[in-house]
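For reference, the chains in residue letters:
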Amino acid sequence: MYFPSDHARHIFEESPRDSRDAICKLCKSTVSFESFAYYCRECRSHFHKDCLTIINAKIHEHTLTFIRRENPFPCDVCGRDDKGMDMYGCLQCDFFVHRQCIFLPKVIKLTRHSQRLSHVFRISDGDNICGVCRSQVDVRYGGYSCIEKTCNYVVHSSCIIRFDVWDGKDLEEEPEPEEIDSQVDLAALVEIDGKSVRHFSHEHDLLRLDMGEKEESGQVCQACVLPIEFGSFLGCKQCDFALHDVCASLPRKMEHGIHIHPLTIHVDAMNNENGFFTCSVCNQHSCGFMYKCCQEDCVKVALNLQDLQQNVTKDAGFPWSSNA
C-alpha cells in the first residue's frame, strides 16, 4: 500500500504479527495482534490505520490525514510551525493541524481563572495577552477564551499542553457546578458577638487585638509560624493560640494558578513526618497550616502559607512547577 502524499517514498504493508513490541509511531501505544496496522520497512515504523486517518475529530468536520513530509504551514489551531511535530491535513479545505491539537478539549476550567474557557478558531480583537505565558495571542489562530463575553481572558492553545495547567477534563457536556455559599460552608471566620470570632482551626473563641508600636507579644502565628510583631491579630484568652489577621482570613478552599486542582487548607501536620511537611513550591520544611491537593489521582501537593501569600498577589499565569 503506497501513500505518496502521506508517507513520501515509503511503502506501507500490513504490520507483521510476529512483533510483540510494536509501538505505533503516532499514538505511542501498542500495536496488538487484533489491531489493523501498517508497517514501513524504510523507517521501521508501525502505524495504526486509525492514526493515519482520523475521522469525526471534534476539531474539524472532515477526515484528517497524516502528513509525513515536513511542511512550512503553521498549525491552524495553535499557530505554531514546529516541523518536528506530527502534522495532519485536510486538503479539501486547506486545514493543517498538529496531532496533539486534534484532541484538544472544547471547554476547560483552569484554576488561574474564575470562569470556564472555550476553544475558538479565531480570537477576538483586543488586548489579547495569554493568561499563562503572558505573551501576545495571535488573533488569526485558535485559542481559549472566557465564556463570559465581557471578559477578555485568553490562553494560547499550545500553553494548555506545554505548561500542564489543565486538569485533563473536557467540560463540554458537563453543567456548571452549583455555587457554594463560601460565607457559610467554607468560611474561615465566624463572627460571635461583635467582639470575638471563631476560627475553624481552634476550639476557643478569639479576640481581635492590635499590637502597639512598642509592644512585643512574643506570640507566633499558628498558621504561617512567623512571630506576631505588629498590626492586628486574633488571640485566644484561654491559651497561647494566635493568628495574623491576614492568615485567619484565608479561605478554607481555593483555586490558585500554582496547581491544576483546587487546594484545601489543612491545620494539622501531625500526620506528616515529625509534624513537618515539605512545601512543593519552595521545598522548605514547615509545621504551620498548609494548602493541600486532595485529588485522589494527583501527586500530593503541599503549600505553606508564606509561599501562598507571596504568590497570591502575583499574576497566576506563570508555570511554577511541573504541577503548575
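Above: the structure in question.
Source: prediction; values computed, not measured.

### Some words on the overall build of the chain
Next up, step 1: Tallying secondary structure elements over the chain gives five helices and 22 strands in all.
Next up, step 2: Burial analysis of the chain (324 residues in total) assigns 42% to the buried set.
Next up, step 3: Restricting the contact set of the chain to residue pairs at least 6 apart, pairs at least 24 apart contribute 51%.
Next up, step 4: A total of about 18700 Å² of accessible surface is found on the chain, and carbon and sulfur atoms cover 48% of it.

### Here's the deal with the nonpolar core
Next up, step 1: L64, Y88, V97 and V155 are the most contacted members of the largest nonpolar core, which totals 42 residues.
Next up, step 2: Listed in part, the 25 residues of the second largest apolar core include A223, A242, C247 and M254.

### A short note on the packing of aromatic side chains
Centre distance and the angle of the planes are the two values used to describe a pair of aromatic rings.
Next up, step 1: Tallied over the full model, the rule gives four aromatic pairs.
Next up, step 2: For the ring pair F47 and F66, a centre distance of 6.2 Å and an interplane angle of 35° mean the geometry is tilted. Residue F47 is found in strand 3 (residues 45-48), and its partner F66 is found in strand 5 (residues 64-67); the two are separated by 19 residues along the sequence. Across the pair, F66 and F47 agree in class, each one buried.
Next up, step 3: Taking 6.3 Å as the distance between ring centres and 75° as the angle between the ring planes, the aromatic pair formed by F95 and F121 counts as edge-to-face. With a gap of 26 residues between them, F95 in strand 7 (residues 95-98) and F121 in the loop between strand 9 (117-120) and strand 10 (143-146) connect regions that are remote in the sequence.
Next up, step 4: When its relative accessible area of 31% is taken as the criterion, F121 is described as partly exposed.
Next up, step 5: Put simply, the rings of F47, F66 and Y88 pair up and form one aromatic cluster.
Next up, step 6: Over the aromatic face of F200 sits the side chain of R252, whose NZ or CZ is 4.2 Å from the ring centroid.

### Considering the sheet that holds strand 9
Next up, step 1: Reading across the sheet, the four strands line up as 8-9-10-11 and stay open at both edges, with antiparallel pairing between neighbours. Only two strands of the sheet have a single partner each, and these edge strands are strand 8 (107-108) and strand 11 (154-156).
Next up, step 2: Sheet topology places strand 8 next to strand 9; two bridges connect them, and they run antiparallel. Paired with I108 across the bridge in strand 9 is L117.

### Overview of the sheet that holds strand 12 (residues 189-191)
Next up, step 1: Taking strand neighbours across the sheet as the criterion, the five strands line up as 12-13-14-15-16 in an open arrangement whose pairing is antiparallel. Sheet topology places strand 12 and strand 16 (242-244) at the edges, where each strand pairs with a single neighbour. The sheet shows a mean angle of 40° between the axes of neighbouring strands, direction not considered.
Next up, step 2: As paired strands, strand 13 (residues 196-199) and strand 14 (residues 206-211) are joined by two bridges and run antiparallel to one another. Residue pairing across strands places V197 opposite L206, the latter belonging to strand 14.

### Re the pattern of salt bridges
Next up, step 1: By the definition in use, this model includes nine salt bridges.
Next up, step 2: The residue K58 makes a salt bridge to D170 at a minimum N-O spacing of 3.5 Å. Taken as a pair, K58 in the loop between strand 4 (53-54) and strand 5 and D170 in the loop between helix 3 (157-162) and strand 12 lie far apart in primary sequence, 112 residues in all.
Next up, step 3: Here R116 makes a salt bridge to E176, at a shortest N to O gap of 3.5 Å. Remark: E176 occurs in the loop between helix 3 and strand 12 and R116 occurs in the loop between strand 8 and strand 9; sequence separation between them is 60 residues.
Next up, step 4: Of the residues examined, R116 reaches a relative accessible area of 9% and is grouped as buried.
Next up, step 5: Looking at E176, the relative accessible area reads 47%, which means it is partly exposed.
Next up, step 6: Several salt bridges share partner residues, and in doing so they unite K58, D170 and E172 into one network.

Rules behind the numbers
Residues numbered from 1 in each chain as written. Predicted model: local features only at pLDDT ≥ 70, side-chain atom pairs only at ≥ 80, totals over all residues. Heavy atoms only, no water. Helix = DSSP H or I, 4+ residues; strand = E, 2+ residues; numbered from the N terminus. Buried < 20%, exposed > 50% of the residue type's maximum accessible area, 1.4 Å probe, protein only. Contact = heavy atoms within 4.5 Å. Areas by Shrake-Rupley, 256 points an atom, 1.4 Å probe, with all protein chains shown as cover. Core = buried A, V, L, I, M, F, W, Y, C linked by side-chain atoms within 4.5 Å. Phe/Tyr/Trp six-rings, centres within 6.5 Å; stacked < 30°, edge-to-face > 60°. Lys NZ or Arg CZ within 6 Å of the ring centre and 35° of its normal. Pairing = 2+ DSSP bridges. Axes fitted to C-alpha atoms, helices over the stretch in contact; angles between N-to-C directions. Salt bridge = Lys/Arg side-chain N within 4 Å of Asp/Glu carboxyl O.

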